[in-house]
Amino acid sequence: MSQRETWATRTGFILAAVGSAVGLGNIWRFPFQTSANGGAAFLVVYLAAVLLIGIPVILAEFSIGRRANVDAIKAFRTLDHSGWRFVGAIGILASFWTLSYYSVVGGWVTRYVAGSVTGNALAAPEGYFGAVSAGLPAIVTHAIFLAVTIGIVAFGIERGIELATKFMVPSIVVLLIALAVFAATLPGASEGYAFFLSPDFSVIVEDAATILPAAFGQALFSLSLGFSVMITYASYLGRDDSLLADGLAIAITNTFVGVLAGLVVLPLLFAQGVPPGEGGAGAVFVAIPTALAELPGGGLVGRAIGVVFFAVVFIAALSSAISLLEAVVAYAVDTFGISRAPAAIGLGIAGFLLGIPSALDTAWLDWFDGIGVTLFLPLAVLSVVVFVGWIMGDEAIDELRRGSDLTGVGPAWLWTLRTFVLLVVVLIVALNFNDLFLTPDAGYYIVPGPLR
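On a predicted model such as this, the values are computed, not experimentally measured, just so you know. (Residues numbered from 1 in each chain as written. Predicted model: local features only at pLDDT ≥ 70, side-chain atom pairs only at ≥ 80, totals over all residues. Heavy atoms only, no water.)

**Description of the overall build of the protein chain**
Then comes step 1: Along its length, the protein chain carries 20 helices and 0 strands.
Then comes step 2: On C-alpha atoms alone, the protein chain measures out to a radius of gyration of 21 Å, which is about the 22 Å that the 2.2 N^0.38 rule sets for 452 residues.
Then comes step 3: Its C-alpha atoms put the protein chain at 65 × 50 × 45 Å along the principal axes.
Then comes step 4: Taking all contacts inside the protein chain whose residues are at least 6 apart in sequence as the whole, residues at least 24 apart take part in 83%.
Then comes step 5: Accessible surface for the protein chain amounts to roughly 16,200 Å². Of this, 67% is attributable to carbon and sulfur atoms.
Then comes step 6: For the protein chain, the distance from the average position of its 18 positive side-chain charges to the average position of its 28 negative side-chain charges is 11 Å. (Helix = DSSP H or I, 4+ residues; strand = E, 2+ residues; numbered from the N terminus. Rg over C-alpha atoms; globule rule 2.2 N^0.38 Å. Contact = heavy atoms within 4.5 Å. Areas by Shrake-Rupley, 256 points an atom, 1.4 Å probe, with all protein chains shown as cover. Lys, Arg positive; Asp, Glu negative; His and termini not counted. Charge placed at Lys NZ, Arg CZ, Asp CG, Glu CD.)

**Regarding helix H9 (residues 157-184)**
The α-helix advances 3.6 residues per turn, and as a result positions three or four apart in sequence lie on the same side.
Then comes step 1: Its 28 residues place the ends of H9 39 Å apart at the C-alpha level, agreeing with the 40 Å of an ideal helix rising 1.5 Å per residue.
Then comes step 2: Most pronounced at Thr165, the bend in H9 amounts to some 25°. (Expected span 1.5 Å × (residues − 1). Bend = angle between axes of the 7 residues up to and from the residue.)

**Here's the deal with the nonpolar core**
Then comes step 1: One finds Ile64, Phe285, Phe309 and Val388 to be the most contacted residues of the largest nonpolar core, which totals 161 residues.
Then comes step 2: Element by element, the count of residues in this core is highest for helix H16 (residues 300-336), at 18 residues.
Then comes step 3: Setting aside anything within four residues of it in sequence, one finds Val388 in contact with Ala60, Ser63, Ile64, Gly393, Ala396, Trp413, Leu414 and Leu417. (Core = buried A, V, L, I, M, F, W, Y, C linked by side-chain atoms within 4.5 Å. Buried < 20%, exposed > 50% of the residue type's maximum accessible area, 1.4 Å probe, protein only.)

Next up, the structure:
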C-alpha cells in the first residue's frame, strides 16, 4: 500500500480547514440567519456557541483524526473501538448529503458571477433567481460546480486541496474587507450596524427556543463540525503540530469571516432600504442584487460590486465543497483501496445524482438543508462528544498534549466535553427533534415539503 498523503505545511492544513469552515455557511447562511433571529441577539448567542461548543468539539474531532491517521470510519477500528464506527458513518453521510445540495447553490453562484457582469442578475432579481435556481439551468450549473470540485480533490492533498485553499482563503478575506469598507461608505449603513452589533438581550430570553438551536446549528455548520471533515483533515497531520493552536486559529478566522460577511450584507441592505430576508435558500440571491441595483453610477457600480461579492461567495462555496467531497473520498481510498481520481469522480457523480431534486425545486433544497443541519449534524456531534469524552478519555488528552506545552488544558477540556458541552448538545438535539417530528407546522418537518 502506498504511503498516506500528508499536508506539505502546517499553514496549508490551517488554510484548508478554514476553507472548509469559511463557506456558504458564513456568506450564504450567516447574515440571513442573523436577520431572521434578532440581529445582534443572534450574533451574541452564535459567538458564545463557537467559544463554548465549537472549539471543544473541533479539538475532539482533531484528536480522533490525528490519533487514528485514517478516514473517519476506519478511525474507530484503529482506536480499538469498532463498535463506534457509526459515529464516522453519520459524519460521512452528512458530508455526502450536504454536498449534493451545496453544489446546487454553488451552481447558482456561478451563474450570478456571470449575471453580475452582464447586469442581468441586477435588472430583475426575482425573475433571474427563478430562471437559474430550478430546472435544467440549475442542473447544468450544479454539474459544472461539482466537476470543478472533483478536479481539485482528484489531484490530492498537497497538489490539489492545499494548493487551491492557499489561494482561496486569503482571497476571501481580502475581498470581504474591501466590500466591508465600501459598505461603510453608504448612507444609512449605520442602521445595519445597529441591527447587527447592538444586542437586545430581552430578545434572547423571549425567543430562546428559536434562537438557541438556530445559533448553535449555525456554529456547527459554519465550523464544518459533524461532517467528519475535521477528523479527515486532521488524519493528514503530523504528530508535532499543536491541535489547540490550530483549532483556535481555525475557529477565530472562521468567526471573523462570518462577522465580516455580516458587516457587508446587512449594511448594504439597510443602506438601500431592502428589509433583511427571512433566511432560506434564495434570500441572498434576491436581496443583494436588489440592493446593488439601487446604487448610483448607472448600474456600473452595482455590477462591479456584484461581480466581486459573488466571486467571494463562489470561492467560499468551492473551498467547502472540496472538504465535503474529500471526507467521502478518503473513506473510499482508505477502506477499498480505490485510487483517488476514480473515487473522486465516482462519488462526485453520485452526489450530482442525489442533488438533482434540489436542482429541480428549491423546496427540496430547503428540506435537504433542514435535515442535514437539524438531524445529521447534531447527532454526529453528540456522538463525537460522547466518544471522546467518555470512551477515548485519557487518550484524547494525550493527543491534545502532543505539540503543546499547555498540559493543564487537557483535563479541563475533557471535562467540559463530558459535562457542559454534552448537556448543551443533548438540548439542541431535543429541540431539533421537536421541530422535526412533533411540530409539522414549524421548522423542518421530517416529511419533505414537496410531498405534503
